[in-house]
Every structure is written in C-alpha cells, then in structure tokens.
Amino acid sequence: MNSSTLDVGSSKMQRQVVGRRAGVPSSSVPAKAVNRTASKNAAQTRKVACNVATGPRPPMTTFKNNGDKAKPVSMDLRDEGTGLFTSTDPESRRVVPENVNGRTKVKVVYVVLEAQYQSALTKAVQNINQKNSKVCFEIVGYLLEELRDSKNFELFKADVATANVFIGSLIFIEELAEKIVEAVAPLREKLDACLIFPSMPAVMKLNKLGTFSMSQLGSSKSIIGDFIKSARKNNDNFEEGLLKLVRTLPKVLKFLPSDKAQDARNFVQSLQYWLGGNTENLENLLISTAVAYVPALKGVDVGATVEDPVLFPEVGIWHPTAPMMYEDLKEYLNWYDTRKDMKFAPDAPVIGLVLQRSHLVTGDEGHYAGVVSELEARGAKVVSVFAGGLDFSSPVKKFFYDPLGTGRPFVDTVVSLTGFALVGGPARQDAPKAVEALNNLNVPYLVSLPLVFQTTEEWLDSELGVHPVQVALQVALPELDGAIEPIVFAGRDSNTGKSHSLPDRISALCTRAVNWARLRKKRNAEKKLAITVFSFPPDKGNVGTAAYLNVFGSIYRVLKQLKKEGYDVGMIPMNEEDLIKSVLNSADAKFNSSDLNIAYRMKVDEYQRLCEYSDALEENWGKPPGQLNSNGQELLIYGKQFGNVFIGVQPTFGYEGDPMRLLFSRSASPHHGFAAYYTFLEKVFGADAVLHFGTHGSLEFMPGKQVGMSGVCYPDSLIGSIPNVYYYAANNPSEATIAKRRSYANTISYLTPPAENAGLYKGLKELKELISSYQSMRESGRGEQICATIIETARQCNLDKDVKLPADDEAAKALTLDERDMVVGNVYRKLMEIESRLLPCGLHVIGVPPTAEEAVATLVNIGEIDRPDQKPTPIKGLPGILASSIGRNIEEIYTGNNKGVLAEVDTLQRITEACRNCVREFVRDRTGLNGRIGTNFMTQLMKFSGFYVDPWVRALQGTEFASANREDLINTFGYLEFCLEQVVKDNELGALTEALNGEYVEPGPGGDPIRNPMVLPTGKNIHALDPQSIPTQAALKNAKLVVDRLLDREKDNNGGKYPETIALVLWGTDNIKTYGESLAQVMMMVGIKPVPDALGRVNKLEVIPLEELGRPRVDVVVNCSGVFRDLFVNQMLLLDRAIKLAAEQDEPDEMNFVRKHAKQQAAELGMASLREAATRVFSNSSGSYSSNVNLAVENSSWSDESQLQEMYMKRKSFAFNSDRPGAGGEAQREVFESAMKTVDMTFQNLDSSEISLTDVSHYFDSDPTKLVTSLRTDGKAPSAYIADTTTANAQVRTLSETVRLDARTKLLNPKWYEGMLSSGYEGVREIQKRLTNTMGWSATSGMVDNWVYDEANSTFIEDPEMANRLMSANPNSFRKLVATFLEANGRGYWDAKPEQLERLRQLYMDVEDKIEGVE
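Being a predicted model, the structure only gives us computed values, none of them experimental.

S.K.: I keep staring at the overall build of the chain and nothing clicks. Help me out?
M.R.: Helix and strand counts for the chain stand at 59 helices and 37 strands. Of all 1415 residues assigned to the chain, the portion counted as buried reaches 64%. Counting only contacts in the chain whose residues sit at least 6 apart along the sequence, the fraction spanning at least 24 positions is 76%. Carbon together with sulfur atoms contributes 51% to the accessible area of the chain, which is approximately 49600 Å² in total.

S.K.: Explain the sheet that holds strand β9 (residues 315–318) to me, please; I cannot follow it from the model alone.
M.R.: Hydrogen bonds along the backbone pair up the strands of a sheet, which may run parallel or antiparallel. Across the sheet, 5 strands lie side by side as β9-β11-β10-β12-β13; this open sheet has mixed pairing. Two strands close off the open sheet at either side, each with one partner strand: β9 and β13 (445–447). Ignoring which end each strand starts from, the neighbouring axes of this sheet average 25 degrees apart.

S.K.: Would you mind showing me how to read the packing of aromatic side chains here?
M.R.: Geometrically, a pair of aromatic rings is defined through the distance of the ring centres and the angle of the planes. Applying the stated criterion across every chain yields a total of 34 aromatic pairs. For the pair Tyr677 and Tyr678, a centre-to-centre distance of 5.1 Å together with 85 degrees between the ring planes defines the contact as edge-to-face. In this pair, the class of Tyr677 matches that of Tyr678, namely buried. Positioned above the aromatic ring of Phe153 is the side chain of Lys179, whose terminal nitrogen or guanidinium carbon lies 4.6 Å from the ring centre.

S.K.: What am I meant to see in the packing of helix α28 (residues 762–777) against helix α31 (residues 817–836) here?
M.R.: Describing two packed helices takes the angle between their axes plus the distance from one axis to the other. At a minimum axis separation of 10 Å, α28 and α31 run at an interaxial angle of 140 degrees. Classified by the interaxial angle, the pair formed by α28 and α31 is oblique. α28 and α31 meet at a crossing whose hand is left-handed. Within the contact between the two elements, α28 uses Leu764, Leu767, Lys768, Ile771, Tyr774 and Gln775 and α31 uses Leu817, Arg820, Asp821, Val824, Val827, Tyr828, Leu831, Met832 and Ile834.

S.K.: Looking at this model, I keep getting lost on the pattern of salt bridges. Mind explaining?
M.R.: For side chains bearing opposite charge, pairing can occur when the charged atoms are close. Under the criterion given, the structure shown has 77 salt bridges. One salt bridge in this structure joins Asp1255 and Arg1330, with 2.6 Å as the shortest N-O distance. Placement of the pair is Asp1255 in the loop between β35 (1241–1246) and α51 (1258–1261) and Arg1330 in helix α55 (residues 1321–1340), with a sequence separation of 75 residues. The pair formed by Asp1255 and Arg1330 is uniform in burial state, with each residue classed as buried. Among the charged side chains, a network of salt bridges with common partners joins Glu91, Arg94, Lys105, Lys107, Glu138 and Asp159.

S.K.: Looking at this model, I keep getting lost on the environment of Asp461. Mind explaining?
M.R.: Mapping Asp461 onto the fold places it in helix α17 (residues 456–461). The spacing of Asp461 and Ser710 is 249 residues in sequence and 10.0 Å in space, taken between C-alpha atoms.

S.K.: Is there a simple way to think about the side chain of Gln118 in this case?
M.R.: With respect to the helices, strands and loops of the structure, Gln118 is situated in helix α3 (residues 116–131). On the basis of relative accessibility, which here comes to 3%, the residue Gln118 falls in the buried class. The residues contacting Gln118, other than those within four sequence positions of it, are Ser92, Arg93, Tyr110, Asn495, Thr496 and Gly497.

S.K.: Looking at this model, I keep getting lost on helix α50 (residues 1229–1236). Mind explaining?
M.R.: Within an α-helix, residues lying three or four positions from one another point in the same direction, as the helix has 3.6 residues per turn. For α50, the complete set of buried residues consists of Val1231, Phe1232, Ser1234, Ala1235 and Met1236. On its buried face, α50 sits against β28 (1061–1066), β31 (1115–1120), α46 (1153–1165), β32 (1177–1179), α49 (1201–1212) and α52 (1265–1271).

S.K.: Explain the sheet that holds strand β14 (residues 449–450) to me, please; I cannot follow it from the model alone.
M.R.: The strand order across the open sheet built from 3 strands is β14-β15-β16, with neighbouring strands paired in mixed fashion. The open sheet terminates on both sides in strands that have one partner only, identified here as β14 and β16 (499–501). The strands touched by helix α14 (residues 366–377) within the sheet are β14, β15 (488–492) and β16, with β16 carrying the most contacts at an inclination of about 20 degrees.

S.K.: Looking at this structure, how should I read the environment of Val383?
M.R.: Considering the arrangement of structural elements, one finds Val383 in strand β11 (residues 381–387). Since its relative accessible area comes to 2%, Val383 is described here as buried. Along the sequence, Val383 and Phe400 sit 17 residues apart, while their C-alpha atoms lie 7.9 Å from each other. For Val383, the contacting residues outside a window of four places in its chain are Ile317, Leu329, Tyr332, Val350, Ile351, Gly352, Leu353, Phe399, Phe400 and Phe410.

S.K.: Any chance you could explain a negative patch on the surface here in plain terms?
M.R.: Taken together, the side chains of Glu792, Asp808, Asp809 and Glu810 make up a negatively charged region of the molecular surface. Here Glu792 is to be found in helix α29 (residues 781–796). Owing to a relative accessible area of 39%, Glu792 belongs among the partly exposed residues under this scheme.

S.K.: In this structure, what is going on with unusual backbone geometry? I would like to understand it.
M.R.: Phi is mostly negative for residues that are not glycine, and the peptide bonds are mostly trans. Here the bond from Lys871 into Pro872 is cis, since omega is -5 degrees, no more than 30 degrees from zero. In this chain, Leu1016 is followed by Pro1017 through a cis amide linkage whose omega measures -10 degrees. With respect to the helices and strands, Pro1017 occurs in the loop between β26 (1003–1005) and β27 (1021–1023). Of note in this structure, Leu170 is not a glycine but carries a positive phi near 55 degrees. Looking at where Leu170 falls in the secondary structure, it is placed in the loop between β5 (165–169) and α5 (174–184). Although it is not a glycine, Ser1196 adopts a positive phi angle of roughly 50 degrees. With respect to the helices and strands, Ser1196 occurs in the loop between α48 (1189–1194) and α49. With a relative accessible area of 33%, Ser1196 lands in the partly exposed category.

The rules we used
Residues numbered from 1 in each chain as written. Predicted model: local features only at pLDDT ≥ 70, side-chain atom pairs only at ≥ 80, totals over all residues. Heavy atoms only, no water. Helix = DSSP H or I, 4+ residues; strand = E, 2+ residues; numbered from the N terminus. Buried < 20%, exposed > 50% of the residue type's maximum accessible area, 1.4 Å probe, protein only. Contact = heavy atoms within 4.5 Å. Areas by Shrake-Rupley, 256 points an atom, 1.4 Å probe, with all protein chains shown as cover. Pairing = 2+ DSSP bridges. Axes fitted to C-alpha atoms, helices over the stretch in contact; angles between N-to-C directions. Phe/Tyr/Trp six-rings, centres within 6.5 Å; stacked < 30°, edge-to-face > 60°. Lys NZ or Arg CZ within 6 Å of the ring centre and 35° of its normal. Parallel < 35°, antiparallel > 145°, perpendicular 65-115°, else oblique. Left-handed = near helix turned anticlockwise from the far one by under 90°. Salt bridge = Lys/Arg side-chain N within 4 Å of Asp/Glu carboxyl O. Patch = residues over 30% accessible without salt bridge, like charges linked within 9 Å, V, L, I, M, F, W, Y side chains within 5 Å. Lys, Arg positive; Asp, Glu negative; His and termini not counted. Charge placed at Lys NZ, Arg CZ, Asp CG, Glu CD.

What follows is the structure, encoded as structure tokens:
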C-alpha cells in the first residue's frame, strides 16, 4: 500500500491510496489482508469504507463495517423518520461570542447552496470575536436543503427576526427560494443589510444596502437590472452577469448619484469579498458591512483596518503543493517538471482537472488534493484549472492545449470535479458553447461530483444515491455537454461542512480516467477489445439479442473496420453466418449442440482471488461456482477470441426461471457466473475497453444506488476499471441514460430500421378494392350488393370486433344509404389505419444508412407534423397545407375521419396519397445511381437547361391540391431536405473509432426521429433532457387533447359516467420523446397545471378551477417504470404534490374523486392525514426494475395468473412521497391495494411508430388490468385504453383494438415478417418474441382474440415451407415459438383444434431432434 503526506497550505493532509473497494486501511495490516477482511465484511453488510478527512490528521471513519473495532456510523433515514435528504443540524454552524464585554453584537444569518463557505466564515467570526474590542459577531448558517425540514424553517425564521445582516448565495431551487422570500421579505425593512449573491430573481430582489436595491430588477431605472437583463438575454447566468458588473464597475458608477454610487460600490465590493472566499476576505466583508449599515456602529472606530478584497486570478492553474496559482501553462510546467518529489515516465498520460475556485479560496480543497495525488500515484501528470465564475470553457481553452502553440491537446483526458455543466453552473447552461470547446479539444470528458446536499453517511445509507436536485443540476445537465462517468468522488463532513476525499471512489475515478487516457497512447495493434453480446431470455436461439439490430451482421462490419484501423482481429470468419456459428457452437460439439463455445474455464480459487466481492454474492447464490455458467467445478466464460478481440456472451440475471426469486420485491445480486464474466474481461483477458453491443443487457440494471453509486453497488463493482462503450438504439434515450450513469457507458446511438407503411394484404387488400367499387356505385342498384360483400369480407378479416357491423343479412338489407355509407366509412377508416401504420422493416446493421427509397415513409411522417416552435420559421405540416388548398381545415377532416364519415375518410386518404407522392418525387430528385442520396444527373441536367420543375409542383399538377401555398411548401420541403441529409448521414462506426481512440464523442439527444429529427444523424453520445424542463407547454396542450378524448370515449361507453380512478403507467423514454406528455396527462386528469419558474424549470403548480375544468377531478394510480423513477424523481415528487393538492381542494365528492377516495382510504386504513391517504405515485424499490411478470412469461416460469399478480403487487407498490423526498420508494402495499380497488380504467400511451404493444415486454409487464379485477370488491373488469400519438391525428383505442391492430400490422403482415426473415437467425427470434409478448397480454389483460393465435399458427406453423425456413434459420427460437403456441393453448388463451395441436407436437419433436443432431 502506497501512502504519501502532502503539505496543503498550512494543514497537513495524510492520504492513503487504497485499491478499489478496499477495506479499512491500517498501518499494521498488509494491503492484501485488508482486502480480504473487507470482502469478508462485505459479505455481511456490503458497505464501503472511507478514509474521511475531518481535520489536520484524518481519523478513520468506518461506515457499518461489522468486523472492525472502529465505531460504526450509520444513519438510516428510512427508519428515523424525517424522510428528508439531509438531517444535518444548522446549530453546527452557529458561533456565539463567549463574552460580549460591552461590545456591539452583530447577528448574521446566511443561507448557501453548498457548505464550502462554512469553515472559512466560522474562522472569520472567531478571529473577529477574539481580537476586536468594539464589535463581535453571532453567526448562524443554513444549507438550502435543510429548509425543507419544518423545524429548521421555523428556527430560520426566528433567527432572521433577530438578525442584523442576512446573506444568501446560489439560491437556485424554486420551492426553497420561495421559502426564503416568505421568511425574509417581511423582515427586509428591519434588517440593517441584506446581501444576496447570484440567485433566483425573486431572491435577488431582497438585496438591500442603504439606498442600493435590486428590487427594481429588470426596470429601466436600474443599471444593475440592465446588466441582469442583458445577462439573461445573452443566455449567461446571473453569476457571469454580476462578474461582468464587477469588471465594469467604474463605467457604471459614473451614472449614479454619489450616495447611491457608494452603496452600489459597497455591494460590488461585498461580492468581491464573497467570491474571494478566504478567511481574510470574509472578515473584511463582515466588518465593512457592519460599520457601514448597522446603526449602533455609525461613527464608531472599530479599530480594524478594512483592506481591499484580496483578488484571486479569474482563471488559473492550481496544485496542492505548488507555491502559487499560475496564470500561464509554461510557468506551471517549469515548476511541475522540476519537482523533486515526483518523477514521471516520458509518455505519462496527462489528466486535465476542472475545479471550482470557491473551494480553493475558502480552503475547502482537500478533496481536490486527494484526486491530484491519486492520479500522480498512478503515474499520470496533472493540470488542474479553475474559473472564478461558472464558465469553465475559458480555462479549458487557455490551459489544455500544447503550450508550444501546435494547437494539439496537451491533456489526454479531462475530468471536471465541479459537477456542473461546463458553461453555466446551477442557473442555466450553454451546451452548444461547451460542446464546441470540448469538440475542439477532442479528449474524453468525465464529470465527477462532490456530495452537495447530503453528508457522506447520508449518501452511503441512501438507496436513491445522490439527491435528485443534484442529479438534475450535476448529472443531467453535464450529460448535455457530452459528459460521462458521474462518479461521486468527495463526501461532506456534517460538523465542519468541509468536503473530503472518498478514497475508494477517487481510486475508481482515477483508474478509469487514466484508462481512457491510455486509449490515446496505445497503438491499435496492442489494444484489446471485449465485444459483449446479450442472450435474453437465456436460450441459444437468443444469443445476440438487441432491439432493432442485426447484431452479428453489425459485429462483422465492426471487425472489418477494426482490421482496417490496424487492430489485431486474428482470422475473421468468411461471413456473418460463420461468425455466428463460431460463437454459438463449441468446436468439439456437433453443429447443433446446445453448448455455446467455451472461451475460458475459471477455477473457483482463481475467481475468489480475482473477484473482490465474490463473498457478497453468496447470500443470494450460495458458494461458487453455483449452477449458472458453470460445469459444477469451474465457472464458464462463453465466447470466442479473434486476435485481440474477444466476443463474449453476457450471462443473464439468473433468476428469470425461478418463480420464487421472481417474487422478491427487490432484485437479487448478480450470480457468480455474471461476476466471473466481468472479472475475466478485466483481470484475465485484460480488456482496454468493452463494447456492449445493442439495446440492452443486464449490467446497468443490477442492484445498487440509482445514481452516484458507492463501491458496493453492483454495476460499479462489475464494470471495474474498463472503459465502457455501448451501442444503444437512438430511440431509447432513457435506458441509454441508465447505462451511462450506472455502468459508466459512453453510449453511441444507432439508427432503428427504416420505417415503411404496413400496407394491406390478403382479405384486407380485397376489402379496399371493394370499397373503391362501392364509392363509384353507391347510389346504383349494385351499391347494396357491394356493401353486403364488404360486410361479409370484413367479418372474415375479423374486423367485426373493431367496426360495428349489421347482425345478419336481413339487417344489412335494411340499411339506408346514409347507414351503408357509415358502415363502409368505418371499415375504410380501419383499413387506412392499418395500411398507413409505420413499421420498422428488417433489422439495422451498424454503419449501413437507409437508401433514399427507404427514407420516404419516415420523411412523410416527419412532414405530417406542424412545428410552430421551429426556429427561425415555424413549419406547417403537409396535410394541413393540402387541406387549406381545397378550403378545408385538417383538424375538421381528422374529426370526420375518426367518426367514420365516408367522404372525410376518403378526403384524408387522398391527402395522404398526395403527401406521399410529393415526398417520393422530392427524394427521387436527390437519388444517385447507387440508390442512395447523391447527385441525380437528370435533375442537374433539367436545372441546367431551365426546364426543372419543383418536385412538389410535379406531384400536385393536375390534382385538386395544385393550388397549395407555394411558400409553405418551399418552407416545409426546406426542412425535409435537412432531415433527409440527417437520416442518411452516418457516424456509427466513426463514433466507435473516436471512442476507442480516446477521443470526445459528440453528444446528441435520443428520442423519436419523427418528432425530433435532431436525434439524427446517429453515432452520437446519447443524452436525455434536462428533467426540470418537462412537461413543456406544447406537451400540456397535446395532453389535454388526449385526456379529453379518453374521458369522452369512456363516458360514451359507460352510460354517460366519468371514470372515478384511472391506473396508468409513466415510461422514461416516452416522456423524453414527447417532452412530458404523459406526465402532463396525469396532471390534467386531476385538474392541476404545472408551471415553470423564473428560469423556465417546471416545478410550480396551479389548481385549475372546476368551472374551467368542466368535469370532476379524476383520481389516478400512477405506476412509474424503474427507468422513469431514475431519470425523473423530481417530476415524480411534483406529481405527488399535484395529486395531494387536488385532494386538499374543498370540493364536493362527486366533483373531486381524488378527495373522495383519499377520505375513504384515510378512514379504512386509519390514517391521520388526507395527504398521506392521497399517496398515488408508485414504482419499484430503488435499484430494482420491472414487475418481473415479463421475465416469468418469457421463461414460462409461472404457475397461474395470481402468481403474476403477486409479483406486480410486491415489486410495484413502493410509494414516492413529496413530503419525505429523501426516503426514496417506501413499501406501501396496503395503500397501493386500497387505491387500486377504486380503478375503473387502465391506460397506457404509445408515442412512437417503432415500439408498439407486442414489440417489447415492458408494456404487458406493467399492465394491471386483470389485477384490478381481482382486487375490486365487485369483481368488475376495468376498461382498458391505449392512446396512440404516433401520428398528427392522435387516437384513443381500447386495448383489445390496439392488440388487433398490432397483430395485423406486424405479426401477421407478410411485409413485416419477410423483412425480419431477411436477417435470418435474428429475424426468427423477432417473430417468436412478438408471439410471446402477445401471450403476455393474454396473461395480464385477457384482451387477445382467439383468431390472432389461429392466424399466426396458420402463417408460421401450418405452412410447411415457412415452418422449414424458420427451423433452418434458428432452430432454438423456432422451438420456443412452437412451445409458446402449445403454452397458450394449455393456459386457456387459445382454443386450438386437435389437428393444430397434433402438428405442433410433431414439429416440437422434429426441432428437438434437429437441435440434438439426430438425423
């Protein structure tokens, strides 16, 4: 074990460099023994040991380490009951003079966001009280977060009431800013001085120094206001605005009368003292403010000379052992390279650190020193830069480039230790400016965070991990800059407020930073890459599972690209089929062996020696090697090595086949086989990087804190020190963000397959032709006859469930012309709904962009949407432009179409066809000879000769839409031109190269490319969005439309009665794609409106009066997916506040169902408060995901539906309570059940054409339809609805209608399944997955019709040619397909004929023989 002593300023700080997850270091215990002790203890409590610097020589503080004599410090907030994030005591910041002795006593109260000022302020006050004979100070400080506690808030108000001076800084949390205004505003006149440094505008207005005031903030009379206004207009934050003010002070004061000038000068000087932050500056701040503004000290000589502020460099370079701060890189390097205490290798990596100056000047820099010395101990050189404001891009530009002026980066990796966005800090950010600076520098960019709102003990003990406000400010915002690896590197001492190193975290951070840097240094031929594929559910036919991706086809392209770049890839197989076989099949087994290729056999003692946390897994899995990925003696690593590239198969969770484990409310640890896989990659194979291939694996969903993991969280333990690159589908930003935060992944987006319209086939195609005949002959004698044929054919196509058809021939004959039109109109509407539905065809291959033709359907859908917020010019949707040209409003046409009015359905169909023709012509003009976007020589020739006609003009010539507005069309097609370029651009392989070269991968949003084309081109480091920005105003408008349609539809179906309670699901990705539409829907249901604060962050609420609402407030039970919970905890708490606010409105029960049910529940469950009874926001416990119903269905590991329902109840009944925000999910099964008993309707959203009900298992996994039936006292089944906002014309359908639509457009549609089968092996798995998910809906809702199974059986099983194709391409997946049909029949979901079952059983035996190699 390596230890060194650093002299930091005047204090000595002892540092111990400990290995990852080391135990409690002790001078008398050798390092290896320490590690062994630690892992033994970890098996019992799995808590991390920290060396916490709390004074000059840090004592060791051990958190819950049972085997040691050190006193355990543990605060379990969930048991102690405040449920807040921090229970630190403001009294620890109170300093009272020991004796006043006739001196004037001045009382100062301060509130700060972070605690770094605490120590310096305390020292400043103690110095004055000891030395000054005329004045002494009482001071007390509050951390902003402490004001959530009602006791603290009362204490704060009492302190302000007796204070002379109030100081506030960085008050940027709206609901707490409101509390400060509430407490201070009434007392402002009484206070002698009120100093507010950068904060929310409402708090800034409290400033008061003599005649100087900011309360005119923004008014033309206030020069300060003008500065603030221009700062806001230029998207700077307030701190930058004030700093500019400080720099331009002389110019400002010229315009002010002399008395005002003095007060303004004092304010600016106060700001300089504050930003200077050391004890000397803060002493001068206190004395100068007291002398100038406390009446008792007017004219009193206090005997202290007030010095000018000690100014520190605005930007500079700092080092804990350097004699000074440097403002020039060459000067710094002159000192650095001549140090006697350190010697570095000539090719040592250089790590650039970014620091906050306020920590340096206040003497709170111990945690920074810890990182510097750890990096140097690992052989890396360090350049640590700082900025005085919150624009850290300037020191990056100034100090991170070669000082010799070559323009090359001097650093190999940048690690920001500020936790903030590179430009903008806590108020707002400027991501484009940050991305430009980081792109130019082009090195990996990591943002680590110090704990701000919690002490070390509180964070260690929290299931949530880092405080949600800190996640929003210091994790989500840096991600928009392209930051990766949000590792907590520093804790906070509850007594002194000082930050201290967390050695095991710093060790992890520094190892990872140096490993990213090594990727820049190492030759490609020497780099080792571990490509990891997934197999889910565990079955050989599922190896290479990933959403929308042809995994092995993609890996094949990646291997070829790596070879081109000089990597050692050994002998690449001839084609992707051979590649599949080499990974899937053991060389010494027969071709169809069920064993995967074994790449390595790990002995148990080797595993225990290399895997530090193996003991901790025994509680769940017993002694190694266990049953999974093992032969009983050894642990088996499956995969195949090609030169320096290893392609390995990630083990699965391990409990998917065990019904008892699936019932646990919290997820189990990884099993020994899983741990052995990652141990092999890091310690045996020695990977320089791991590439996780496709959406998604299990690593990032292992138990541990949600964000800001400790060394005992499993994702952190598993990934170890290996840089992680992860290909993730561009349309899934939410789970990509989980991978980024929990497995430290650099996520690279890939495109989903090109979308096509589903089209019509078989009887559906015939129906369309019949309708066309009917339209031309509807009034003739043939009309009645054709209508009868349409009705009969519709019945044969099973459309009678979706469209109301006459009961028999007699009823059909009795129809009037208008009634016939209505029947045909509704059939036509349903056909067009099927025909125009977008579906992804085939699977994407990494680095293969779509052809021009393949881009058409996507462009049509992009062009359909109105984009009123598009800058610089709003974009009109094509259907709206064409409707206007025939004197119609598109919304009216949509309404008529939705009602099945034949003429309107036909008009909409003509508009749709015209839109497609316009886009097709437009794309044709831009298509080159190779079928891809490029130069079209005919187009060039026509333009040159002057005969060129715009494509949309050509397409509309001679049609009823020929007079469409030319300007609008030019504007819309200009936008589509940009979108087309983005669709076919491609950097998927390029971004992988950048990541593996140790370069910066440019960030980009994830989401639906149709709603947000900025998602394109792919090959970007995916980020989500600022969680505090949703729901947007546009999302609120769309949400209101959907909620109105939903309630109207249920009212029509339910005898005019509104539903009293709706059970619904919130998904992470959906809310990112739609900017919070489903979140806004819940708010609309309960009649509460979310409102943004002064900085545009959505965190305030307004009650919509009943008169305006025009209906009762509908109660809700909200179940949030585990991913939504991780990304949007703040929004969950806002939702909880909204529902409770609705319950507290004094309104009659029949107009407020939230209140009605909360009162009933309070009485039923004996609850003291209405607020508690109105708990309605639930999810999994922290660190767990899904209800496990999907795992049980996919693995057939369930006995009956009641077992599935019990899984749902156990895992999904954790309540999130805004009154106890720090408690995370608390088990509240009784409240959950009680609320679910009142449910009349279940509801989910579909918002993207790429993912529908049977594409993924998540939707049925979260469906409570049958569960509600079992809980309701009357046993009544709830109605079930799905809102579909995938097109401009949002629809609300019943669940059964949506399942049928899905079956017709995907599973039973030749266009879809032939597209899938073009990918061979992986395509068969996609077909099998759709059938399994369909059966999942039978299990949870009972909403799948018998004909769906019949038709699927007829398509894939009864057609011998098709059955043979499936069996040959992927025998394992085909076996699962056959087994699923048999299971659906066995469970009573499909009433199959005996001959159908006989063929299935025969096929099952045939495929078993094939798999076992029996000829």
